[in-house]
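Remarks on the overall topology
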Amino acid sequence: MRSSLLALLAVLVAALLVAPAAAEPAGTGPQVHRGTIDGAEYLVTVPEDWNGTLVLFSHGYYPEAYPPPPGHVMLSTAEQTAELLLDDGYALAASNFRGVVGWTVEPALRDQIRLLDWFEDNIGHPRRTIASGMSMGGGISVLLAERNPHRFDGVLAQCGEYDMPGSWNIALDVTFAVRTLLTDGTAELVRPENPRASVDALHAGVARARTSEAGLAKLALIAALGNVPGWMSAHDPAPAQLWQRVQAQADWIDLAYVQGIGPGARPDVERHAGGNPSWNTGVDYRRQLAISGQLDTVRQAYAAAGGDLAADLAALNRAPRIAADPRALGYMYRLAVPRGSTPAPVLTLHNPADGGAVADQVRWYAEHTDDRQVRHLWSDRGNHCAFSAAEEVTALRVLERRIETGRWPDTRPDTLNAAAGAFAPEHHIVKDIVTWVDKAMPPAFTRYTPSTFQRPSR
């Protein structure tokens, strides 16, 4: 659907690493600055009537096969959000992180702070700085505030992955189950010598399973091991029929876990971590199913297909396991697991049926943080990061109110939907990241309680 912070360079050295920024002439609207800092491309936009608030945005995971277009730097999750914020006087900044594609968490934690330093040296010291981000960038925004407690006043974490090594463990569980139940067992899940061949083998296994009820039942079990939901579309209602839900789960399995952060992504994360950071040693897959929010779907699917659930669970528990490299796992713990210290207020925004960064991640984060400092909002859609600009800006305003008053404002869904509904129609566009189609959608704030995260790092 994905080492500690490097010390900041001295001001003189950093200046030598910064390529000159290109800015639009004064008096022509927002000042736009582009450049590079130590090889990391950045974009800064400052309105003429800057209100003193800077939003520093962290982008999500770009697979190596799908880099962003040249010169493209995201400033917000929804495309229209940046325009809205600039019109309201906010300054916006973002780095593409050195390397741009793949698991660039360590570069992000360095490059975003270097960009913040550049902003303060060249634009001015913000009255308020908010870390925002989506997907992997949602987790990065939390880590930035934890590691730099005096630099950020608040965090807006959207569709975030907070327990990143836990995410890679979920990916391992899903691909391990695909390999065991749907293929000949030869695909390499970690340290792959031929990543493309392993991805192809897993993809073919999923494709075959989708053609029969017996295969679909196995896919329901595989999805349940990661609590992957049976809802894929950002625009359509949740499927009501059993096999439609399972087909949606199969989409998530294939796109997010086999072709997304499956064997093809392993060489990159293993290169960063210095080995394989994921494991399933000691995992009881019967227990994993028992705590899954998808248990009922699995039972229904096996009953409808006449499958043998006990036999498939036994096959998973018999299969040879994969151990993590201690050095690589230590790297993940040092770099990518939040402490939960929340030195600044944190607001999360998530879709309940997000199969890329499952909603359970929010529960895990909530269990490790002070609930007076953290609040969680939900937008009732399938897909990943399926938010409109109206919803994103409404969430930001909730966070700002908390920063200003020290108390969370009214975050009941009716209140939030009324606030988001006041935006113009063009600010209700929601992108489906699978079909890449935009569609106007009404605000969808809702109440939701996620399931337990199945493979937490702690």
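Note: the structure precedes this text.
Bear in mind the structure is a predicted one, so any value in this text is a computation, not a measurement. (Residues numbered from 1 in each chain as written. Predicted model: local features only at pLDDT ≥ 70, side-chain atom pairs only at ≥ 80, totals over all residues. Heavy atoms only, no water.)

**So, the state of the cysteines**
To keep it simple, the criterion reads: Cysteine sulfur atoms are paired as a disulfide whenever they come within 2.5 Å of each other. To qualify as a helix, a DSSP run of H or I must reach at least 4 residues; to qualify as a strand, a run of E must reach at least 2; elements of each kind are numbered from the N terminus. Three labels apply to residues, based on accessible area from a 1.4 Å probe with only protein chains included: buried if under 20% of the type maximum, exposed if over 50%, partly exposed otherwise in between.
Enumeration according to the criterion identifies one disulfide in this entry. At a sulfur-sulfur separation of 2.1 Å, the disulfide partner of Cys-159 is Cys-385. Judged by the sign of its S-S torsion, about 100°, the bond between Cys-159 and Cys-385 is right-handed. Here the residue Cys-159 occupies a position in the loop between strand 7 (154-158) and helix 5 (164-182), and Cys-385 occupies one in the loop between strand 9 (374-379) and helix 15 (389-405), the gap between them amounting to 226 residues. Each member of the pair, Cys-159 as well as Cys-385, carries the same accessibility label: buried.

**Comments concerning the pairing of strand 10 (residues 429-432)**
Remark: a regular strand shows side chains that alternate across the two faces of the sheet. Heads up, the rule is: A pair of strands is treated as paired once DSSP finds two or more bridges between them.
In terms of strand pairing, strand 10 meets strand 11 (residues 437-440) through four bridges, oriented antiparallel. Counted as the bridge partner of Lys-431 is Asp-438 from strand 11.

**Regarding the environment of Val-46**
Inclusion rule: Any two residues whose heavy atoms approach within 4.5 Å are treated as being in contact.
The topology assignment puts Val-46 in strand 3 (residues 40-46). Its relative accessible area of 9% is what places Val-46 among the buried residues. Expressed as a C-alpha distance, the spacing of Val-46 and Leu-86, which sit 40 residues apart in the sequence, is 7.4 Å. Once you skip the residues sitting within four places of it in the chain, Val-46 turns out to touch Pro-30, Gln-31, Ala-91, Phe-119 and Ile-123.

**Looking at the packing of aromatic side chains**
Put simply, the rule is: We call Phe, Tyr and Trp rings a pair once their centres come within 6.5 Å, taking the six-membered ring for Trp, and we label the pair stacked below 30 degrees between planes, edge-to-face above 60, and tilted otherwise.
Tallying each qualifying case throughout the model produces six aromatic pairs. On the numbers, 5.1 Å between centres and 45° between planes, the contact of Tyr-42 with Trp-118 is tilted. With Tyr-42 in strand 3 and Trp-118 in helix 3 (residues 105-122), this residue pair connects regions lying 76 residues apart in the sequence. What makes Tyr-42 buried here is its relative accessible area of 1%.

**Thoughts on helix 6 (residues 195-209)**
We count it as follows: For a helix, the expected span equals 1.5 Å multiplied by the number of residues minus one. What the arc measures is the spread of directions leading from the helix axis to the C-beta atoms.
Counted at 1.5 Å a residue, the expected span for helix 6 with its 15 residues is 21 Å, and the 21 Å between its end C-alpha atoms agrees. Considered for burial, the residues of helix 6 that qualify are Ser-198, Val-199, Leu-202, Gly-205, Val-206 and Ala-209. Each buried residue of helix 6 sits inside an arc of 125° when the element is viewed along its axis, so together they form one side. Turning to helix 6, the residues buried within the fold contact helix 5, helix 7 (213-224) and helix 8 (242-258).

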